[in-house]
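The lines below spell out each chain.
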Amino acid sequence: QALEDQYSPSRWSRRLDRDTIIDVHCEVMAAGTERARAGAQTLLHVPYGNGDGEKLDIYFPTNPSETFPVLVYIHGGYWQCLSKDHSGFAAPPLVSQGVAVVAVGYNIAPKGHMDTMVLQVRRSLVFLMEQYPRIRGIYLCGHSAGAHLAAMVLATDWTEFQVVPDIKGAVLVSGVYDLEPILHTYVNDALNMSREVAERNSPMRHVTPAGPAACEVLVAVAQHDSPEFRRQSQEYSQALRAEGWSVSLLDLAGVDHFNIIEKLSEDSYVLTQV
């Protein structure tokens, strides 16, 4: 029961009760995405593979230069809810500064298996590199389960893909980096992971030495994340640092697991600025 509480982010917010906060979060993300779609030049539902969930949305910069950086956003939802249709909310402040934003869809559980989700996110980056030669550097941003998937991207051996995405930075927000504790909670009911699957897909267990192409990593965690989420963020950033990665840990005061990412729609928010 204690572990269930630790891995139930809605129990730790000071703003709203646990039943309300998830509904409000979904509404805020969906409404923000609608606003972003109305105000930007977009390409929606672009297939990067053959699967139903293998589509992405592109929000182009307002004044694109010859080449432009792209922020690839990977949504959370404990690998079993939310979608790319909740994932464009952060676009307005970025497209106005010449940055493209790509919201990646993937097959959530129970349809999607953890191995498949990790592979889909990796393949979405290969697709972007092949289709858009004007991209000048990819910056990953993932929230919660999306931070886990972004961290798995950092552990990728790209030789089998024959393309190495030009990843310049990763912003990992309130993530889970070791899946083992989740095996013992309600979260695994839909995921149905075995211990082997959890180990194979735990970024904490696959930190590679930083090579010359290793990107900068920012690990962000909320003051009102649970102690377990906070521990995971700290230990993962320490593990990266020990292998020579350039990593910063940002502990954000006054926010919880949900509004730490919702505020990315605001120009003046510290994570937006970073």
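Residues numbered from 1 in each chain as written. Predicted model: local features only at pLDDT ≥ 70, side-chain atom pairs only at ≥ 80, totals over all residues. Heavy atoms only, no water.

An unreviewed UniProt entry lists the protein chain under the name KFA formamidase, from Hippolais icterina.

**Here's the deal with the UniProt feature "domain: BD-FAE-like" (unreviewed entry) in the protein chain**
Look at the UniProt record and you will see "domain: BD-FAE-like" (unreviewed entry) annotated at residues 56-156. Across residues 56-156, helical content stands at 33% and strand content at 26%; the span's end C-alpha atoms are separated by 20 Å. (UniProt positions renumbered as here; feature names shortened; annotations may be inferred. Helix = DSSP H or I, 4+ residues; strand = E, 2+ residues; numbered from the N terminus.)

**Here's the deal with the pattern of salt bridges**
Within the structure shown, the criterion is met by 16 salt bridges. For the salt bridge of Asp115 with Arg200, the shortest nitrogen-to-oxygen distance reads 2.7 Å. A residue pair is termed long-range when its members are at least 10 positions apart, and Asp115 in helix H4 (residues 114-131) and Arg200 in helix H7 (residues 195-200) qualify at 85 residues. When its relative accessible area of 25% is taken as the criterion, Asp115 is described as partly exposed. Note that Asp178 and Arg205 form a salt bridge whose closest N and O atoms lie 3.2 Å from each other. In this pair, Asp178 is assigned in the loop between strand E6 (167-173) and helix H6 (187-191) and Arg205 in the loop between H7 and strand E7 (216-224), connecting sequence segments 27 residues apart. (Salt bridge = Lys/Arg side-chain N within 4 Å of Asp/Glu carboxyl O. Buried < 20%, exposed > 50% of the residue type's maximum accessible area, 1.4 Å probe, protein only.)

**Description of the pairing of E6**
For E6, the tally of buried residues reaches five of seven residues, placing the bulk of the element in the interior. Note on the crossover from strand E5 (residues 135-143) through helix H5 (residues 145-154) to E6: the handedness is right-handed. When E6 meets E7, the two strands line up parallel, connected through five bridges. Bridging across to E7, Gly169 finds its partner in Glu216. (Right-handed = clockwise from strand over helix to strand, strands pointing away. Pairing = 2+ DSSP bridges.)

**Observations regarding helix H2 (residues 18-39)**
Compared with the 32 Å implied by 1.5 Å per residue over 22 residues, the 32 Å span of H2 between its first and last C-alpha is a close match. Every buried residue belonging to H2 is among Ile21, His25, Met29, Gly32, Thr33 and Ala36, and all of these are buried. Down the axis of H2, the buried side of the element spans an arc of 100°, and every buried residue falls inside it. Facing away from the buried side of H2, by more than 90 degrees, are the exposed residues Asp19, Glu27, Glu34, Arg35 and Ala38. (Expected span 1.5 Å × (residues − 1). Arc of directions from axis to C-beta.)

**Digging into the side chain of His75**
With respect to the element layout, His75 can be found in the loop between strand E3 (68-74) and helix H3 (91-95). Not counting the four nearest positions on each side in its chain, His75 is found in contact with Cys81, Leu82, Ser83, Lys84, Ser87, Val104, Tyr106, Ile108, His143, Ala145 and Gly146. (Contact = heavy atoms within 4.5 Å.)

**Brief notes about H4**
Taking 1.5 Å of rise per residue, the 18 residues of H4 would be expected to cover 26 Å, and the 26 Å separating its terminal C-alpha atoms lies within 8% of that figure. Buried within H4 we find Met114, Met117, Val118, Gln120, Val121, Arg122, Ser124, Leu125, Val126, Phe127 and Leu128.

**Remarks on the nonpolar core**
Grouped together as the largest cluster of nonpolar side chains are 62 residues, with contacts concentrated most on Val72, Trp79, Leu140 and Leu172. Every residue in contact with Trp79, bar those within four places of it in the chain, is listed here: Ile108, Ala109, Met114, Met117, Ala145, His148, Leu149, Val176, Leu179, Ile182, Val187 and Leu191. Counting 25 residues, the second-largest nonpolar core is a separate cluster that includes Leu94, Val95, Cys141 and Leu271. (Core = buried A, V, L, I, M, F, W, Y, C linked by side-chain atoms within 4.5 Å.)

**A closer look at the side chain of Ser144**
Turning to its location among the elements, Ser144 is positioned in the loop between E5 and H5. Aside from chain neighbours lying at most four places away, what touches Ser144 is Gly76, Val173, Ser174, Gly175, Val176, Phe229 and His257.

**Brief notes about the packing of aromatic side chains**
Enumeration over the complete set of coordinates arrives at six aromatic pairs. For the ring pair Tyr7 and Phe229, a centre distance of 5.7 Å and an interplane angle of 50° mean the geometry is tilted. Highlighted residues: Tyr7 in the loop between helix H1 (2-6) and H2 and Phe229 in helix H8 (residues 227-242), separated in sequence by 222 residues. When the centroid spacing of 4.4 Å and the interplanar angle of 10° are considered together, the rings of Tyr177 and Tyr236 count as stacked. In this pair, Tyr177 sits in the loop between E6 and H6 while Tyr236 sits in helix H8, placing the two residues 59 residues apart along the sequence. (Phe/Tyr/Trp six-rings, centres within 6.5 Å; stacked < 30°, edge-to-face > 60°.)

**Here's the deal with the sheet that holds E3**
Within the open sheet, the eight strands sit side by side as E1-E2-E4-E3-E5-E6-E7-E8. Their pairing is mixed. Only two strands of the sheet have a single neighbouring strand rather than two, namely strand E1 (41-47) and strand E8 (247-256). Going across the sheet, the axis of each strand differs from the next one's by a mean of 20°, ignoring polarity. Here E5 runs beside E6; their pairing, made up of six bridges, is parallel. (Axes fitted to C-alpha atoms, helices over the stretch in contact; angles between N-to-C directions.)

**Some points on the packing of H4 against H5**
For the pair H4 and H5, interaxial distance at closest approach is 10 Å and the crossing angle is 65°. One way to sum up the angle between H4 and H5 is to call them roughly perpendicular. As for how H4 packs across H5, the hand of that crossing is right-handed. Residue-level inspection shows Met114, Met117, Val118, Val121, Arg122 and Leu125 of H4 in contact with H5, the latter providing His148, Leu149, Met152 and Val153. Of the residues belonging to the contact of H4 with H5, the class tally is eight nonpolar, one polar and one charged. (Parallel < 35°, antiparallel > 145°, perpendicular 65-115°, else oblique. Left-handed = near helix turned anticlockwise from the far one by under 90°. Nonpolar A, V, L, I, M, F, W, Y, C, P; charged D, E, K, R; others polar.)

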